[in-house]
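Understanding the architecture of this molecule
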Amino acid sequence: MLLFEKYYNNMSAELEQSKQNILLSLNDENNVGSINAKYYDPKFFKDAFQKQISNISKNRQIEAIDLCNVYKNMCFPGERSQALKPKMHTHHNALCISKRSALFDLNSGELIPESILYRFLHKKPKHYNEIKPKTIKRLRKTIYHSIEEAYFIPFFPTGNFGHFITEATSYLWFAAGKGGANFQQVPIILSDNTAFADNDIFRYFFKFLRSKGLRPILRSQLPRLVKIKTVHIPDPTLRLLSHSSTEHISTCKNLGKWITENHQTTEITKDSNIYISRSRLKPNLRKVAGESALENELEKLGWKIVHPESLPLSEQIQIYESAQKICGFEGSALHTLSFCAKDKMKIILLGNRPPADYFMQFYAQNASGYFISCTSKIVSNDADIRDRDMQEQIIVDTNNLAKQIHLISI
């Protein structure tokens, strides 16, 4: 199957219309900002990688694609894309209802559009409708709790590291660059969609928000109905399958700096070639058959194998910042690279059909390196398993693959 074919076949005329909307916004002189955004054009990935994927499937060839060639061919509406800038949206008399991800206007019952997460270019969920007038009238009489002022983060997935470290952090730009005294203990409501996961990443972020003078509250901890008299909702600086930005990377770097400065780290050997492994992940998570053999070959060539799930986030950041080259299969751990202060990172991405989000992140980081397609999906008999969750297998000789990785790292 062709790289990104899944996304290419599912895209509709809405994508093209969304691109036109963006181009129109770029012509607005009042919308000039500092974001350097890169947009996802699935047609490029289908055309650019078709020959390579076909050759690998037939001949088991190993070919590295320079990331610069990927960046050049992604849909990129000119230098004016730097004009996109996140904004803070303020609404009054918002209604927060338990088990409803969005906020609603208490007067009209309409959905507050900035309060809901969506992906792709301007693609909003269809299952959120306005509240009927009769229901609004009844709810006004039953509201028993109100908050004077609060910030609202539309997506805070406390049970998913990858989505948290990308999408949740994309809303924190307004806090990452400001002093804590400016917020004066204003509540920040975090719209969690799962049970709270008690691990270091979430403890780090709660501490970070408190250090900025914000008072984090999980949405699940609120009463069933809450009226927020004044709510501030930030735009995201990253939207999956849509865009990433230098503003997002800047926010992540500030977060990474705060994490490493406020948490104990260990002595790290500098200038190592680091391989980020998935081989010791839990059985229910996506793995790559043959990865252990690849790791053995890379170790012989002097590479250090890192299992990030066994390390505190602060130590992961420190290891990646000290690395000369970083290699790994597509996975959430690669998003941690955006927390590194180091500029112009050198990355070798392995996989079969990695989502464009990785390339957009690397572009925003000004990273150089290569992509090597070297795996295929292992077909599952489970009809409910998603394509992206399928186990993978290396389809080239691991010894030759290790040599190729090492050769392009020199």
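Notes on the structure follow. (Residues numbered from 1 in each chain as written. Predicted model: local features only at pLDDT ≥ 70, side-chain atom pairs only at ≥ 80, totals over all residues. Heavy atoms only, no water.)

**Thoughts on the sheet that holds strand β17 (residues 392-394)**
Strands in a sheet are paired, the pairing made by backbone hydrogen bonds, and the direction either parallel or antiparallel. Taken together, 3 strands build an open sheet; the order of strands is β11-β17-β16 and the sheet is mixed. This sheet does not close on itself; its edge strands, each paired only once, are β11 (288-289) and β16 (375-377). Examined bridge by bridge, β16 and β17 share 3 bridges and lie antiparallel to one another. Counted as the bridge partner of S376 is Q393 from β17. (Pairing = 2+ DSSP bridges. Helix = DSSP H or I, 4+ residues; strand = E, 2+ residues; numbered from the N terminus.)

**Comments concerning the state of the cysteines**
Across all of its chains, the model carries 0 disulfides by this definition. Sulfur of C327: no disulfide; nearest cysteine sulfur belongs to C374 and is 8.2 Å away. (Disulfide = S-S within 2.5 Å.)

**Overview of the sheet that holds strand β10 (residues 273-276)**
Taking strand neighbours across the sheet as the criterion, the 6 strands line up as β2-β15-β14-β13-β10-β12 in an open arrangement whose pairing is mixed. Looking at the sheet topology across the chains shown, the edges are occupied by β2 (64-66) and β12 (304-306). On average, each strand axis in the sheet is tilted by 20 degrees relative to the strand beside it, whichever way the strands run. Pairing analysis gives 4 bridges linking β10 to strand β13 (residues 325-329), with the strands arranged parallel. Bridging from a neighbouring strand, N273 pairs with K325 of β13. Strand contacts of helix α11 (residues 313-322): β10, β12 and β13, with the helix running at about 135 degrees to β10, the strand carrying the most contacts. (Axes fitted to C-alpha atoms, helices over the stretch in contact; angles between N-to-C directions. Contact = heavy atoms within 4.5 Å.)

**Examining the side chain of S409**
Tracing the chain through its elements places S409 in helix α13 (residues 398-409). In this structure the side chain of S409 is engaged in a polar contact, spanning 2.6 Å, whose partner is the backbone oxygen of H406. (Polar contact = N/O pair within 3.5 Å; in protein donor to acceptor, adjacent residues only side chain to side chain.)

**Considerations on the nonpolar core**
Side chains of a nonpolar character, in soluble globular proteins, are inclined to be buried together. By size, the foremost hydrophobic cluster in this structure holds 58 residues, and its most contacted members are F174, Y320 and F362. With 7 residues, the single largest contributor to this core is helix α8 (residues 200-211). Excluding residues that lie within four positions of it along the chain, F174 makes contacts with M88, Y151, I153, F183, I188, L214 and P234. Core analysis: the second largest hydrophobic core is formed by 19 residues, V288, C327, I372 and I394 among them. (Core = buried A, V, L, I, M, F, W, Y, C linked by side-chain atoms within 4.5 Å. Buried < 20%, exposed > 50% of the residue type's maximum accessible area, 1.4 Å probe, protein only.)

**Focus: the pattern of salt bridges**
Two side chains of opposite charge can pair, provided their charged atoms sit close to one another. On inspection of all chains with the given rule, the structure shows 5 salt bridges. The salt bridge involving K253 is made with D343; its shortest N-O contact spans 2.4 Å. On the criterion of sequence distance, the pair formed by K253 in helix α9 (residues 246-262) and D343 in the loop between β13 and β14 (346-351) is long-range, its members being 90 residues apart. Of the charged contacts, one joins E392 and K377 as a salt bridge, the two residues approaching to 3.2 Å between their closest N and O atoms. Here K377 lies in strand β16 and E392 lies in strand β17, a separation of 15 residues in the sequence. The same class applies to E392 and to K377, which are both buried. Salt bridges sharing partners connect three or more residues here, namely R286, K377 and E392. (Salt bridge = Lys/Arg side-chain N within 4 Å of Asp/Glu carboxyl O.)

**Details of the environment of E130**
In this structure, E130 sits in the loop between β4 (103-105) and α5 (133-142). Measuring from C-alpha to C-alpha, the distance between E130 and G109 comes to 5.5 Å, with 21 residues separating the pair along the chain.

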